[in-house]
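Chain by chain, the residues run as shown.
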Amino acid sequence: MKMNRHIFSWVLLAVALLTANGCGLSVKYSLSGASIPPAAKTFSVAYFPNNATMVSPILSSTLTEALIDMFSRRTRLTQVEEGGDFAFEGEIVNYTSVTASVSSDDYALLNRLTITVKVRFTNAIDEKASWNRTFTAYEDYDSTRLLTEVEGELIPQIIDKIVTDIFQASASNW
């Protein structure tokens, strides 16, 4: 009985998609979650300078390369140096480490590394889909460790969260 419901659900979904397609609606479906207009062919990512008061030498290049990698792997778009149909530019505006958790006797237990990035996204195919947004993500780490000890592992984790958010904001209709 359970199997019949499952099969029925799939058949119903297939009929709905075929009906929508037959009515002239453009259904864009992708396993990556991307919903990119068919006319879009290219993307460009400008270097994201670190304009935060505290600077990490690997932060700008890690962010820029991660964004390029995400769009190269998860879309059909081709990277160009500048002026892509999907164009990204911006800056790192915050890179801070603060106490995140304190013990009952006022000793720091956890510290939090936070990164904030301002992004300007230009959609040359559909100007109304362009935006300016700020993205923030963080990771906590044990207060017995120095930031210089953990930033090499934390920065890629935080950047991955930010790049995923940028990707979803620009290439998904969710």
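What you see is a predicted model, and the numbers here were worked out from it, not measured in a lab. (Residues numbered from 1 in each chain as written. Predicted model: local features only at pLDDT ≥ 70, side-chain atom pairs only at ≥ 80, totals over all residues. Heavy atoms only, no water.)

Concerning the overall build of the protein
Secondary structure assignment for the protein yields three helices and five strands. Reading the protein from its N terminus to its C terminus gives the helix and strand order α-β-α-β-β-β-β-α. The buried share of the protein, taken over its 174 residues, is 36%. The contacts in the protein between residues at least 6 apart in sequence include a share of 67% that link residues at least 24 apart. (Helix = DSSP H or I, 4+ residues; strand = E, 2+ residues; numbered from the N terminus. Buried < 20%, exposed > 50% of the residue type's maximum accessible area, 1.4 Å probe, protein only. Contact = heavy atoms within 4.5 Å.)

Overview of the side chain of S60
With respect to the secondary-structure elements, S60 resides in helix α2 (residues 59–74). Each residue touching S60, except ones within four places of it in the same chain, is listed here: Y47, F48, P49, N50 and I92.

A closer look at the confidence of the model for the protein
The predicted coordinates ought not to be read in detail in places where the model reports low pLDDT. When pLDDT is averaged along the protein, the result is 84; 79% of the residues meet or exceed 70. Of all helices and strands in the protein, the one with the weakest mean pLDDT is helix α1 (residues 2–22) (44), whereas strand β1 (residues 42–45) scores best (98). Segment residues 1–32 is flagged for pLDDT under 50; beyond a separation of four residues in sequence, or across chains, it makes ten contacts in the model. (pLDDT = per-residue confidence, 0-100.)

Concerning helix α3 (residues 147–171)
The end-to-end C-alpha distance of α3, which contains 25 residues, comes to 33 Å, matching closely the 36 Å that a straight helix rising 1.5 Å per residue would cover. Its maximal kink placed at E153, α3 deviates by approximately 40 degrees, while the proline P156 follows within four residues. (Expected span 1.5 Å × (residues − 1). Bend = angle between axes of the 7 residues up to and from the residue.)

What to know about the sheet that holds strand β5 (residues 131–142)
Strands sit in the order β2-β1-β3-β4-β5 across an open sheet of five strands; the sheet is mixed. Of all strands in the sheet, those bounded by a partner on one side alone are β2 (78–79) and β5. As judged from the 15 bridges shared by strand β3 (residues 86–102) and strand β4 (residues 108–123), these two strands associate in the antiparallel manner. Note on β4: the bridge partner recorded for E89 is R120. Most of the contacts of α2 go to β3, to which it runs at about 125 degrees, and overall it touches β1, β2, β3 and β4. Contacts between α3 and the sheet are confined to β3, β4 and β5, with β5 contributing the most and set at about 150 degrees to the helix. (Pairing = 2+ DSSP bridges. Axes fitted to C-alpha atoms, helices over the stretch in contact; angles between N-to-C directions.)

So, the packing of α2 against α3
Put simply, α2 and α3 touch, their axes get as near as 9 Å, and they point 45 degrees apart. In terms of orientation, α2 and α3 fall into the oblique class. In the packing of α2 onto α3, the handedness of the crossing is right-handed. Where α2 abuts α3, its residues L59, T62, L63, A66, L67, M70, F71 and R74 lie against I155, I159, I162, V163, T164, I166, F167, S170 and A171. When grouped by side-chain class, the residues that make up the contact of α2 with α3 number 13 nonpolar, three polar and one charged. (Parallel < 35°, antiparallel > 145°, perpendicular 65-115°, else oblique. Left-handed = near helix turned anticlockwise from the far one by under 90°. Nonpolar A, V, L, I, M, F, W, Y, C, P; charged D, E, K, R; others polar.)

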